[in-house]
Amino acid sequence: MVYLIPLLITTLCVFFYDYKNTKYGNKKIYLLLYIYCSIISGLSYRLGIDIVSFYIKEIEDYPSLYGLTLDMLFNTHGRQPGWIFFCSLANTIFHSYYFVKTIISFIINGAVFYAIQKRSQYKYTGILCYFLFLFCYFNFEILRESLAISVFLTSLSYFEKEKWVKYYSLIFLAFLFHESSIFLVLLPLVKKIKITYTTTCFYIGIAAIVMIFADLFSWIPQFIASIPIFADKADHYINNDYFGGTRQFSINQLLSYILSIYLPLFMVYKMRSHNRSVKYESLVITYIFISIFRSFFPIMMRLQNYLSIFYFMFYIEMLKFIVGDILKAKYRTLLQAIICSAYLLYTFSQGMVKPNERFYNFPQVVVYYPYASILDKDVDMIRETFYYIYLGKRVSL
């Protein structure tokens, strides 16, 4: 029920506010959804591999500002100074993991809700994508990176207005939380890309070359691992059975390439030629560029986290455009709803419900469902069994 409530409300809001364009209660419901999501995230109990594995103890171990030393701030292995300072500042106010986690939850969800509201006329569709694909990951796993993502989302207004000093100042702040944000210094270059038929075919050709000759690009993860600030994290991923090395070509891989790269690339051009370009087009293009390599080098996945929400929103827009403007279906509204719903359900089931070899054939959903809060501290034995197997050790309750 905890997850079902916002999903049902958001689905209804997609119909009444995004489709019917109803005005009454729009802002209030959006605000209440943000508050609700932040609270259930902040009060969650033992949800998330990273949280159970190290975040609870790590955050509790950070001292208040009064006990923080420069050596701890700048020389803590694998941690950026912004993250350490943030946790120490929060611990100065009230020394508790759950207090810090609640603050983080309000920041993460606030940044996402605000970014969607500013950049999409279909904000509830964007929030529905966020609930289904990113909410659990952002709120229960990658806390450090989520704070960096939050700072990046805040910088987008400067990115769009080409106020580069302010943009790069915020990217530097994001880097102080997580080193993966360093690639965002290159993002302004994407704004210079002109989407024409010729350039679209060129990028599709590059994608085909990477797909066919993936082994020739195996130096990319090795190069990333050679950069000092990424060395430890990159080595961890490269030595991981799931993330390390390259993926071999397969029919499923080809189908994934067509649906996630070729089709969106071509439709970016097609939508622009129909004067239907979206406000976050350059972010979608960047996501697709990363996807070209990520399909065969999973280590690139971390870079996509900054842009994922815009890609999912674009995909929904793309499907609606195909049905309504290209196919010109007779019952276009009904068909758009059916196709978009099928896409959302299929993508969710593939990511969350389908048994995953990365998780020892457990579905990922067991990590987050059923919901448990610090108010009751219910322990789900299936989830705890998964933690025991996945983490290779018994984790304290």
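All of these numbers come straight from a predicted model, not from anything done at the bench.

1. Concerning the overall build of the protein
Then, in step 1: Across its full length, the protein holds 19 helices and 2 strands.
Then, in step 2: Within the protein, the proportion of its 397 residues that are buried is 50%.
Then, in step 3: The long-range fraction of contacts in the protein, counting pairs at least 24 apart against all pairs at least 6 apart in sequence, stands at 73%.

2. Let's talk about the packing of aromatic side chains
Then, in step 1: Applying the stated criterion across every chain, the model contains 44 aromatic pairs.
Then, in step 2: Taking the centre distance of 6.1 Å and the plane angle of 55° together, the rings of Phe266 and Tyr269 count as tilted. With Phe266 and Tyr269 both in helix α14 (residues 251-273) and 3 residues apart, this pair spans about one turn of that helix.
Then, in step 3: When the ring centre of Phe159 is taken as reference, the NZ or CZ atom of Lys191 above it lies at 4.9 Å.
Then, in step 4: Seen from the ring of Tyr122, Lys320 lies directly overhead, with NZ or CZ sitting 3.8 Å from the centre.

3. Quick notes on the environment of Tyr36
Then, in step 1: Relative to the elements of secondary structure, Tyr36 occurs in helix α2 (residues 26-42).
Then, in step 2: Once the C-alpha coordinates of Tyr36 and Val2 are considered, the two residues, 34 residues apart in sequence, prove to be 9.6 Å apart.
Then, in step 3: Ignoring sequence-local partners within four residues, the contact set of Tyr36 consists of Met1, Val2, Ile5 and Pro6.

4. Regarding empty space enclosed by the protein
Then, in step 1: For the structure on display, the rule yields 2 cavities of 30 Å³ or more.
Then, in step 2: Quantified by volume, the largest cavity comes out at close to 50 Å³.
Then, in step 3: Going through the elements one at a time, α7 (123-140) and α17 (308-326) are the ones with two or more residues in the lining of the largest cavity.
Then, in step 4: Per element, the largest residue contribution to the lining of the largest cavity is 3 residues, and it comes from α17.
Then, in step 5: Partitioned by chemical class, the residues of the lining of the largest cavity number 4 nonpolar, 3 polar and 1 charged.
Then, in step 6: Around the second largest cavity, the lining residues are Val112, Leu134, Phe138, Ile149, Leu153, Asn305, Tyr306 and Ile309.
Then, in step 7: Looking at the lining of the second largest cavity, the elements with two or more residues in it are α7 and α8 (143-160).
Then, in step 8: Of the residues assigned to the lining of the second largest cavity, the class counts are 7 nonpolar, 1 polar and no charged.

5. Comments concerning the confidence of the model for the protein
Then, in step 1: Summary statistics for the protein give a mean pLDDT of 85 and a share of 88% for residues scoring 70 or more.
Then, in step 2: Of all the helices and strands in the protein, helix α13 (residues 231-238) carries the lowest mean pLDDT, 58, while helix α9 (residues 164-175) carries the highest, 96.

6. As for helix α1 (residues 4-19)
Then, in step 1: Helix length check: α1, at 16 residues, gives a terminal C-alpha distance of 21 Å against a target of 22 Å (1.5 Å per residue), a fit within 8%.
Then, in step 2: Here α1 has its buried residues at Pro6, Thr10, Cys13, Tyr17 and Asp18.
Then, in step 3: Looking at the buried residues of α1, the elements they touch are α2 and α7.
Then, in step 4: Positive backbone phi, approximately 60°, marks Asn21, located one or two places after α1.

7. Comments concerning the pattern of salt bridges
Then, in step 1: Following the criterion strictly, the structure yields 8 salt bridges and no others.
Then, in step 2: Two residues, Lys57 and Asp61, come together in a salt bridge whose shortest N-O distance is 2.7 Å. Here the residue Lys57 and the residue Asp61 both occupy positions in helix α3 (residues 49-61), the gap between them amounting to 4 residues, near one helical turn.
Then, in step 3: Classification of Lys57 as exposed rests on a relative accessible area of 57%.
Then, in step 4: A salt bridge links Glu281 to Arg272; its shortest N-O distance comes to 2.4 Å.
Then, in step 5: Owing to a relative accessible area of 9%, Glu281 belongs among the buried residues under this scheme.
Then, in step 6: According to the relative accessible area criterion, Arg272 is partly exposed, its value standing at 34%.

8. Side note on the environment of Ile49
Then, in step 1: Its location among the elements puts Ile49 in helix α3.
Then, in step 2: What makes Ile49 buried here is its relative accessible area of 8%.
Then, in step 3: Placed 318 residues apart in sequence, Ile49 and Val367 show a C-alpha to C-alpha distance of 7.1 Å.
Then, in step 4: Those residues in contact with Ile49 that lie beyond four places of it in its chain are Phe140, Glu141, Phe359, Val367, Phe386, Tyr387, Tyr390 and Leu391.

9. Brief notes about helix α11 (residues 197-212)
Then, in step 1: Here α11 spans 23 Å end to end across 16 residues, near enough to the 22 Å set by a 1.5 Å rise per residue.
Then, in step 2: Taken residue by residue, α11 has Thr200, Tyr203, Ala207, Val210 and Met211 as its buried positions. One side of α11 carries all its buried residues, which in axial view fall inside an arc of 105°. The exposed residues of α11 that point more than 90 degrees off its buried face are Thr198, Phe202 and Ile212.
Then, in step 3: Of the surrounding secondary structure, the elements contacted by the buried residues of α11 are α14 and α15 (281-294).

10. Concerning the packing of α7 against helix α18 (residues 332-353)
When two helices pack together, their arrangement is given by the angle between the helix axes and the distance between those axes.
Then, in step 1: In contact at an axis separation of 11 Å, α7 and α18 are set at 10° when each is read in the N-to-C sense. As the angle between them shows, α7 and α18 are arranged roughly parallel. Contacts between α7 and α18 involve Leu128, Cys129, Leu132, Phe133 and Cys136 from the former and Leu344, Thr347, Phe348 and Met352 from the latter.
Then, in step 2: Its residues placed into classes, the contact of α7 with α18 shows 8 nonpolar, 1 polar and no charged.

Procedures and definitions
Residues numbered from 1 in each chain as written. Predicted model: local features only at pLDDT ≥ 70, side-chain atom pairs only at ≥ 80, totals over all residues. Heavy atoms only, no water. Helix = DSSP H or I, 4+ residues; strand = E, 2+ residues; numbered from the N terminus. Buried < 20%, exposed > 50% of the residue type's maximum accessible area, 1.4 Å probe, protein only. Contact = heavy atoms within 4.5 Å. Phe/Tyr/Trp six-rings, centres within 6.5 Å; stacked < 30°, edge-to-face > 60°. Lys NZ or Arg CZ within 6 Å of the ring centre and 35° of its normal. 1 Å grid on protein atoms, 1.4 Å probe; cavity = no way out; pocket = protein on both sides within 12 Å on 5 of 7 lines; lining within 4 Å. Points joined across faces, edges and corners; volume = space filled by probe spheres on them. Nonpolar A, V, L, I, M, F, W, Y, C, P; charged D, E, K, R; others polar. pLDDT = per-residue confidence, 0-100. Expected span 1.5 Å × (residues − 1). Salt bridge = Lys/Arg side-chain N within 4 Å of Asp/Glu carboxyl O. Arc of directions from axis to C-beta. Axes fitted to C-alpha atoms, helices over the stretch in contact; angles between N-to-C directions. Parallel < 35°, antiparallel > 145°, perpendicular 65-115°, else oblique.

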